[in-house]
Amino acid sequence: MYKKSVKAPLVSIVFPIKYWSKTVDEFYRMINNQVIDCTYEIVTVYSGEDDKIYKKIKSQSTIVKRIPSKDYKCGDTRELTCSLSTGQYIVMVSVDVIPTSEFWLRNIVKPLVDNEADVVQGKLECPSRTNLNYPNYFFWEKDYGFYFTSEGLEFYKKYGNFGKFGNFGLAAPNLAFKRDVWENTGFGGVSYNEDNIFQKRVALKKYKVVYKDDASVFHAHTYKTMGSLFDRCSNEGYGWFE
């Protein structure tokens, strides 16, 4: 079992939260059941005004920071989670992921601990339609990256060639890296596409990146209105020019 500790944890799980859902409940449950033999901390930044949610987060986290919802920006908030952490290895997740097994955390940090990689990208899996933690997720989530724009094709050719692992993009919802890698790169103060900022900086500094199929999480989004779906797609495009 993972030993939750505030004293010199080896690993920091950093978690920005804007709202509470079934996926958050299940994420915390799965974290408490991870099989690994080192200490960890959970660092959460909550951007919201709901006191009940804040109380829930405090009960599940080692370190918590609350900010106004209006101050949320993808890049700045992920930077804040990392700056509050103390672990040698940082594992970044998002509010809509759930580990697929009790070995997820061990598998995603192992290449870092063994010095086989500087950055580890874990697999993102679309949940099945029978997964009750993801009610009514958008149909095309099964085609991961349906919202990608043409700018991404050239970007991944230039900054996404990771040797035997091929071309792929780094995705913040299931990403691990050494602390000094973050200190030398970072996610930038952008509203969107912060993981692309990180990827470009990682590639330019020639850090070693590996992909781990066995460090997978479920990941999907629900769009309650056509407007929210449009915003998701348009923000992906705007992010390339911010």
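On a predicted model such as this, the values are computed, not experimentally measured, just so you know. (Residues numbered from 1 in each chain as written. Predicted model: local features only at pLDDT ≥ 70, side-chain atom pairs only at ≥ 80, totals over all residues. Heavy atoms only, no water.)

Engineer: Help me out: how do you make sense of the overall build of the chain in this one?
Structural biologist: When helices and strands are tallied, the chain shows eight helices and nine strands. With 242 residues in all, the chain has 51% of them scored as buried. Taking the intrachain contacts of the chain between residues at least 6 apart in sequence as the baseline, contacts between residues at least 24 apart amount to 74%. In the form shown here, the chain has an accessible surface area of approximately 11,800 Å², with 53% of it arising from carbon and sulfur atoms. (Helix = DSSP H or I, 4+ residues; strand = E, 2+ residues; numbered from the N terminus. Buried < 20%, exposed > 50% of the residue type's maximum accessible area, 1.4 Å probe, protein only. Contact = heavy atoms within 4.5 Å. Areas by Shrake-Rupley, 256 points an atom, 1.4 Å probe, with all protein chains shown as cover.)

Engineer: How should the pairing of strand β8 (residues 174-178) be read in this particular structure?
Structural biologist: Residues in a regular strand project their side chains so that they alternate between the two faces of the sheet. Burial runs high along β8: five of the five residues are buried. Sheet topology places strand β5 (residues 89-93) next to β8; five bridges connect them, and they run antiparallel. Considered in β8, the bridge of Met92 is made with Leu175. Pairing between strand β7 (residues 119-125) and β8: three bridges, direction antiparallel. Residue Val119 lies in a different strand from β8, and its bridge partner there is Phe177. (Pairing = 2+ DSSP bridges.)

Engineer: What's the story with the confidence of the model for the chain in this structure? I'm lost.
Structural biologist: For any part of a model where pLDDT is low, the fine detail of the predicted coordinates should not be relied upon. Confidence along the chain averages 85 in pLDDT terms, with 80% of residues attaining 70 or more. Scored below 50 in pLDDT, residues 1-6 makes 24 contacts in the model with residues more than four places away or belonging to other chains. (pLDDT = per-residue confidence, 0-100.)

Engineer: For this particular structure, what's the right way to read the pairing of β7?
Structural biologist: Counting buried positions along β7 gives five out of seven residues, so the element sits mostly inside the fold. Sheet topology note: the β7/strand β9 (residues 209-219) ladder contains six bridges and is parallel. The partner of Gln121 across the bridge, within β9, is Tyr211.

Engineer: Help me understand helix α1 (residues 22-32) in this model?
Structural biologist: An α-helical segment advances 3.6 residues per turn. Residues three or four places apart therefore align on the same side. Along α1, the residues that are buried comprise Thr23, Val24, Glu26, Phe27, Tyr28, Met30 and Ile31. Looking at the buried side of α1, the elements it contacts are β2 (11-17), β3 (39-47), α2 (51-60), β5, β6 (97-99) and α4 (104-113).

Engineer: Explain the side chain of Ser61 to me, please; I cannot follow it from the model alone.
Structural biologist: Mapping Ser61 onto the fold places it in the loop between α2 and β4 (63-67). Within polar-contact distance, the side chain of Ser61 engages the side chain of Thr44 at 2.8 Å. (Polar contact = N/O pair within 3.5 Å; in protein donor to acceptor, adjacent residues only side chain to side chain.)

Engineer: How should I be thinking about the nonpolar core in this particular structure?
Structural biologist: Across soluble globular proteins, nonpolar side chains have a tendency to be buried as a group. Within the largest apolar cluster, 34 residues are counted, with the highest numbers of intra-cluster contacts made by Tyr28, Val91, Trp104 and Ile108. Counting only elements with at least two residues in this core, the list comes to β2, α1, β3, α2, β5, α4, β7 and β9. Examining the composition of this core, we find that five residues originate from one element, α4, more than from any other. (Core = buried A, V, L, I, M, F, W, Y, C linked by side-chain atoms within 4.5 Å.)

Engineer: Explanation requested: the packing of aromatic side chains in the structure shown.
Structural biologist: Here a ring pair, both rings aromatic, is described through the centre-centre distance and the interplanar angle of the planes. According to the stated counting rule, one finds 11 aromatic pairs in the structure shown. Seen from their ring centres, Phe15 and Phe27 are 4.7 Å apart, and the 45 degrees between their planes marks the pair as tilted. Highlighted residues: Phe15 in strand β2 and Phe27 in helix α1, separated in sequence by 12 residues. Among the residues examined, Phe15 registers a relative accessible area of 0% and is labelled buried. The class of Phe27 is buried, set by a relative accessible area of 0%. Feature note: the residues Phe15, Trp20, Phe27, Tyr28 and Trp104 constitute an aromatic cluster, connected by ring pairs. A cation sits over an aromatic face here: Arg66 above Tyr54, 4.7 Å from the ring centre. (Phe/Tyr/Trp six-rings, centres within 6.5 Å; stacked < 30°, edge-to-face > 60°. Lys NZ or Arg CZ within 6 Å of the ring centre and 35° of its normal.)

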